[in-house]
Amino acid sequence: MHAARSIAQPFALFSALLCATLLAATPALAQTAKPNVVIVATGGTIAGAGASSANSATYQAAKVPVDQLIASVPELANIANVRGEQAFQIASESFTNEKLVQLGRRIAQLVKDPAVDGVVVTHGTDTLEETSYFLNLVIHTDKPIVVVGSMRPGTAMSADGALNLYDAAVVAGSKEARSKGVLVVMNDEIHSGRDVTKRINIKTNAFFSQWGPLGLVVEGKTYWFRLPVKTHTAQSEFDIERITALADAQIVYASGNMNPAMYDTAATTGAKAIIHAGTGNGSVADYVVEKLKTLRARGIHIIRSARVPDGLVLRNSEQPDDKYDWIVAHDLNPQKARILAAVALTKTSDSRELQRIFWQY
Ligand code: GLU
């Protein structure tokens, strides 16, 4: 009995010491377990600079290099091991299909690296919705890819870039953001890269999703409320590693008194699909219908979308799509429809298949 106690007492003391050591070591352990996030910079206002702090709307985009951008937000080091890559230094209206493919291929390489937990893409806000949807369609990964921009340059009063970048890195490094498709973080909100669109070109609450944001990011913590149901990333049938070039798809904007010859320009310069940014429910003027039927007979796909913000084009309403062999973009706005057409046409030119893809993605 006496012998048993003499063994048990030092053992208990050892266990207590071990527990205390482990507890003391936990914060250090947590620190070394910070996620590895790569920031791929492409330009835009988040890398912009103005002449004075009062210039919130007049400035030059795409000026500040990625390392300077990262250095300007020292708080990033508290939440992730961050490193930067400069993919481009452009205003996002100058993105081309070639640049999208180049960016997609680089991101696909990064997410394959076991040492990378997530990727942030800094981007101009003008075509951010196009790039985020494109990446959502073609990158096979469950790791978070977060596209971010800002509405004011870093030199402006109340610049929004620093917090947006910090929030984007939080989301890119979080386990909760996995398998949710490509995300867009702006103004405290987490949006699906598929749904989000730029609604206003001045204020910081510029980004909006018709079906609502997926979540919020507040003080370094994510809060989630919904999931996207459309197919994306790891489940997508499109893979950037098998895509070398996107198809040419062009948008023609409809209005009263429009000139039907606008469609000819797209057709004669090589468009494989024309996105009709239609009035209302993707409606087509009576004097334009024949033009679109003729172009379809020449093999060019006609995709009816709506120029109405939050428009929804229904098949065989307004126009007999089955009869004319046209496609409807449903809830995709014209610029999103252009991206999906450019990607889908790398795989099929069958109109039924294309319509199936438009319902699914
Ligand atoms: N037009 C520029 C761009 O899209 C600046 C707009 C912005 O980033 O907010 O890159």
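## A look at the sheet that holds strand β11 (residues 249–253)
One key point about sheets: their strands pair by backbone hydrogen bonds, in either a parallel or an antiparallel sense. Read from one edge of the open sheet, 4 strands run β11-β12-β13-β14, paired in parallel fashion. The open sheet has two edge strands, β11 and β14 (327–328), and neither has a second partner. Sheet analysis places strand β13 (residues 301–306) next to β14, joined by 2 bridges and oriented parallel. By the bridge assignment for β14, Ile303 is matched with Ile327. Relative to strand β12 (residues 273–278), helix α7 (residues 261–268) is tilted by about 155°, and along the sheet it contacts β11 and β12.

## Looking at unusual backbone geometry
Not every positive phi belongs to a glycine, and Asn257 is a case in point at roughly 60°. Mapped onto the elements of the fold, Asn257 is located in the loop between β11 and α7. Phi is positive for Asp325, which is not a glycine, with a value near 65°.

## Focus on the pattern of salt bridges
Enumeration according to the criterion identifies 17 salt bridges in this entry. Between Lys293 and Glu290 there is a salt bridge, and its shortest N-O distance comes to 3.2 Å. Here the residue Lys293 and the residue Glu290 both occupy positions in helix α8 (residues 286–297), the gap between them amounting to 3 residues, near one helical turn. For Lys293, a relative accessible area of 30% translates into the label partly exposed. Via salt bridges that share partners, Glu237, Lys347, Glu353 and Arg356 belong to a single interconnected network.

## Some thoughts on the site of the ligand
If you check the shell around the ligand, you find Gly44, Thr45, Ala91, Ser92, Glu93, Gly124, Thr125, Asp126 and Ser150 and nothing else. Between the ligand and the protein, one listed contact pairs an oxygen atom with a side-chain N or O atom of Thr125 at 2.4 Å. Measuring from an oxygen atom of the ligand, one finds a backbone N or O atom of Ser150 at 3.3 Å. Alone, the ligand offers 280 Å² of accessible surface; in the complex the protein occludes 91% of this. Of the pockets mapped on this structure, the ligand occupies the second largest pocket. Grouping the amino acids of the shell around the ligand by side-chain chemistry returns 1 nonpolar, 6 polar and 2 charged.

## What about the pairing of β13?
With 6 of its 6 residues buried, β13 lies for the most part within the structure. Where burial is concerned, the two faces of β13 agree: the one with His301, Ile303 and Ser305 and the one with Ile302, Arg304 and Ala306 are both buried. Sheet analysis places β12 next to β13, joined by 6 bridges and oriented parallel. Within β13, the position partnered with Ala277 by the bridge is Ser305. Taking the sense of rotation as the criterion, the β-α-β connection linking β12, α8 and β13 turns out right-handed.

## Examining the sheet that holds strand β4 (residues 145–148)
Judged by pairing direction, the sheet is mixed, and its 8 strands sit side by side in the order β2-β1-β3-β4-β5-β6-β9-β10 without closing on themselves. Strands with a single pairing partner mark the edges of an open sheet, and in this sheet they are β2 (81–90) and β10 (221–224). Mean inter-strand twist for the sheet, computed between neighbouring axes without regard to direction, equals 25°. Bridging between strand β9 (residues 215–218) and β10 involves 4 bridges; their strand directions are antiparallel. Looking at the pairing, Gly215 lines up with Trp224 of β10. In the packing of helix α4 (residues 97–112) onto the sheet, the strands contacted are β1 (36–43), β2, β3 (118–122) and β4, and the crossing angle to β2 comes to about 165°. Set on the sheet, helix α6 (residues 161–172) makes contact with β1, β3, β4, β5 (183–186), β6 (189–192), β9 and β10; between it and β3 the angle comes to about 155°.

## Let's talk about the layout of surface pockets
Roughly 380 Å³ of internal volume is contained in the largest pocket. Lining the largest pocket are 23 residues, with Thr197, Val308, Pro309, Asp310 and Asn333 positioned closest to its centre. Size it by volume and the second largest pocket reaches roughly 300 Å³. As for the second largest pocket, its lining consists of 19 residues, of which Thr45, Tyr59, Asp126, Met151 and Lys198 are closest to the centre. Along the lines of polarity and charge, the residues of the lining of the second largest pocket split into 6 nonpolar, 8 polar and 5 charged.

## Comments concerning the environment of Tyr59
With respect to the helices and strands, Tyr59 occurs in the loop between β1 and α2 (66–71). Taking the C-alpha atoms as reference points, Tyr59 and Ala344, separated by 285 residues in sequence, lie 37 Å from one another. Once residues lying within four places of it in the same chain are set aside, the contact partners of Tyr59 are Thr45, Ala49, Gly50, Met151 and Pro153. A distance of 2.5 Å separates the side chain of Tyr59 from the side chain of Thr45, its partner in a polar contact.

Conventions we followed
- Residues numbered from 1 in each chain as written.
- Predicted model: local features only at pLDDT ≥ 70, side-chain atom pairs only at ≥ 80, totals over all residues.
- Heavy atoms only, no water.
- Pairing = 2+ DSSP bridges.
- Helix = DSSP H or I, 4+ residues; strand = E, 2+ residues; numbered from the N terminus.
- Contact = heavy atoms within 4.5 Å.
- Axes fitted to C-alpha atoms, helices over the stretch in contact; angles between N-to-C directions.
- Salt bridge = Lys/Arg side-chain N within 4 Å of Asp/Glu carboxyl O.
- Buried < 20%, exposed > 50% of the residue type's maximum accessible area, 1.4 Å probe, protein only.
- Near = heavy atom within 4 Å.
- Polar contact = N/O pair within 3.5 Å; in protein donor to acceptor, adjacent residues only side chain to side chain.
- Areas by Shrake-Rupley, 256 points an atom, 1.4 Å probe, with all protein chains shown as cover.
- 1 Å grid on protein atoms, 1.4 Å probe; cavity = no way out; pocket = protein on both sides within 12 Å on 5 of 7 lines; lining within 4 Å.
- Sits in = over half its atoms within 2 Å of the grid points.
- Nonpolar A, V, L, I, M, F, W, Y, C, P; charged D, E, K, R; others polar.
- Right-handed = clockwise from strand over helix to strand, strands pointing away.
- Points joined across faces, edges and corners; volume = space filled by probe spheres on them.

Read these as layout, nothing more, since geometry by itself doesn't imply function.
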